[in-house]
Amino acid sequence: MKKLVLLILIFGVMGVVSAHEADCPYCAEKIVQNTDKQDNEVVVKVGNKRIEYRCLYCVIKDQRRYKGDLVVYAPSEKVGSPVVIKRTGGKWVGPEKMVVLNVFKKHTECAALSRAFSTREALDAYVKRNNVQNAKALSLKEFIELVEKPVQK
């Protein structure tokens, strides 16, 4: 009996863990899970629906699929304290001092290189700690304009 209970517990936990792993609805790459040292999951809430994305770029690129208002919980430099960005009436707003990093070349890098920060100083510290090349702090408006710009071939 104890072995049966143990097996049920093990498979139950495995089911919960594997159920949480998912692909990004935009880029189809695996969503990078949060760690003790850094949050990575970008969460969009539309009504009662909760959708996870790989990065902030993917959210903005895919946001047209959602009608109405939405809230984005973007991982910040501090675990458990996301940068909250809202689209209300078609207009995007975020915290006054927030900045965005967006320097990835391919989506396998996007979770680390398309992120929000509560301040420019926090972005600078992240860039230094992770040796990010060609980093530029973008305002929310600049970031959205960059992402929504048509891709040139």
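Computed from a prediction, not measured in an experiment: that's the story for all the values here.

**Focus: helix α4 (residues 120-130)**
In step 1: Taken residue by residue, α4 has Ala 122, Leu 123, Tyr 126 and Val 127 as its buried positions. Buried residues in α4, looked at end-on, bunch into an arc of 135°, giving them a common side. Across from the buried face of α4, at angles greater than 90 degrees, the exposed residues are Glu 121, Lys 128 and Arg 129.
In step 2: Along its buried surface, α4 packs onto β6 (99-102), α3 (110-113) and β7 (114-117).
In step 3: Asn 131 sits one or two positions beyond α4 and adopts a positive phi of about 50°.

**Observations concerning the packing of aromatic side chains**
In step 1: Tallied over the entire structure, the rule returns three aromatic pairs.
In step 2: Summarising the aromatic geometry, the rings of Tyr 57 and Phe 104 are spaced 5.0 Å apart at their centres and angled 85° between planes, so their arrangement reads as edge-to-face. Of this pair, Tyr 57 sits in helix α2 (residues 56-62) while Phe 104 sits in the loop between β6 and α3; the two residues are 47 residues apart in sequence, bridging distant segments of the chain. This pair shows no difference in class: Tyr 57 is buried, exactly as Phe 104 is.
In step 3: Their ring planes at 55° and their centres at 5.1 Å tell us that Phe 117 and Tyr 126 sit as a pair that is tilted.
In step 4: Judged by its relative accessible area of 0%, Phe 117 is buried.
In step 5: An aromatic cluster is defined as three or more aromatic residues linked by ring pairs; in this entry it consists of Tyr 26, Tyr 57 and Phe 104.

**Focus on the sheet that holds strand β5 (residues 91-93)**
In step 1: Spatially, the five strands line up as an open sheet ordered β2-β1-β3-β4-β5, and their pairing is antiparallel. Edge positions in the open sheet fall to β2 (49-53) and β5, since each of these has one partner strand only. Recorded for the sheet is a direction-independent mean angle of 20° between the axes of neighbouring strands.
In step 2: Relative to strand β4 (residues 83-88), strand β3 (residues 70-74) runs antiparallel, the two being bridged by five bridges. Paired with Ala 74 across the strands is Val 83, a residue of β4.

**Points about the confidence of the model for the chain**
In step 1: Across the chain, pLDDT averages 86, with 85% of residues at or above 70.
In step 2: Within the model, the stretch residues 11-19 combines pLDDT values under 50 with zero contacts to residues more than four positions away or in other chains.

**Thoughts on the nonpolar core**
In step 1: Ranked by size, the top nonpolar core spans 42 residues in total, and within it Tyr 53, Leu 56, Val 72, Ile 85, Trp 92, Leu 101 and Phe 143 carry the most contacts.
In step 2: Residues within four places of Ile 85 in sequence aside, it is in contact with Leu 56, Leu 70, Val 71, Val 72, Ala 74, Trp 92, Val 93, Gly 94, Met 98 and Leu 140.

**A word on unusual backbone geometry**
In step 1: The residue Asn 131 is not glycine, and still its phi comes out positive at about 50°.
In step 2: For Asn 131, the position within the fold is in the loop between α4 and α5 (140-148).
In step 3: The exposure class assigned to Asn 131 is exposed, which follows from its relative accessible area of 58%.

**Description of the side chain of Arg 115**
In step 1: Checked against the element boundaries, Arg 115 lands in strand β7.
In step 2: No salt bridge is formed by the buried Arg 115, whose closest oppositely charged neighbour, Asp 39, lies at an N-O distance of 7.1 Å.
In step 3: Among the polar contacts made by the side chain of Arg 115, one reaches the main-chain carbonyl oxygen of Asp 39 at a distance of 2.7 Å.
In step 4: Of note is the side chain of Arg 115, whose polar atom sits 3.2 Å from the backbone oxygen of Ala 111.
In step 5: When near neighbours in sequence (up to four residues on either side) are disregarded, Arg 115 contacts Gln 38, Asp 39, Asn 40, Pro 75, Ser 76, Val 99, Val 100, Leu 101 and Tyr 126.

Definitions and limits used
- Residues numbered from 1 in each chain as written.
- Predicted model: local features only at pLDDT ≥ 70, side-chain atom pairs only at ≥ 80, totals over all residues.
- Heavy atoms only, no water.
- Buried < 20%, exposed > 50% of the residue type's maximum accessible area, 1.4 Å probe, protein only.
- Helix = DSSP H or I, 4+ residues; strand = E, 2+ residues; numbered from the N terminus.
- Arc of directions from axis to C-beta.
- Contact = heavy atoms within 4.5 Å.
- Phe/Tyr/Trp six-rings, centres within 6.5 Å; stacked < 30°, edge-to-face > 60°.
- Pairing = 2+ DSSP bridges.
- Axes fitted to C-alpha atoms, helices over the stretch in contact; angles between N-to-C directions.
- pLDDT = per-residue confidence, 0-100.
- Core = buried A, V, L, I, M, F, W, Y, C linked by side-chain atoms within 4.5 Å.
- Lys, Arg positive; Asp, Glu negative; His and termini not counted.
- Salt bridge = Lys/Arg side-chain N within 4 Å of Asp/Glu carboxyl O.
- Polar contact = N/O pair within 3.5 Å; in protein donor to acceptor, adjacent residues only side chain to side chain.

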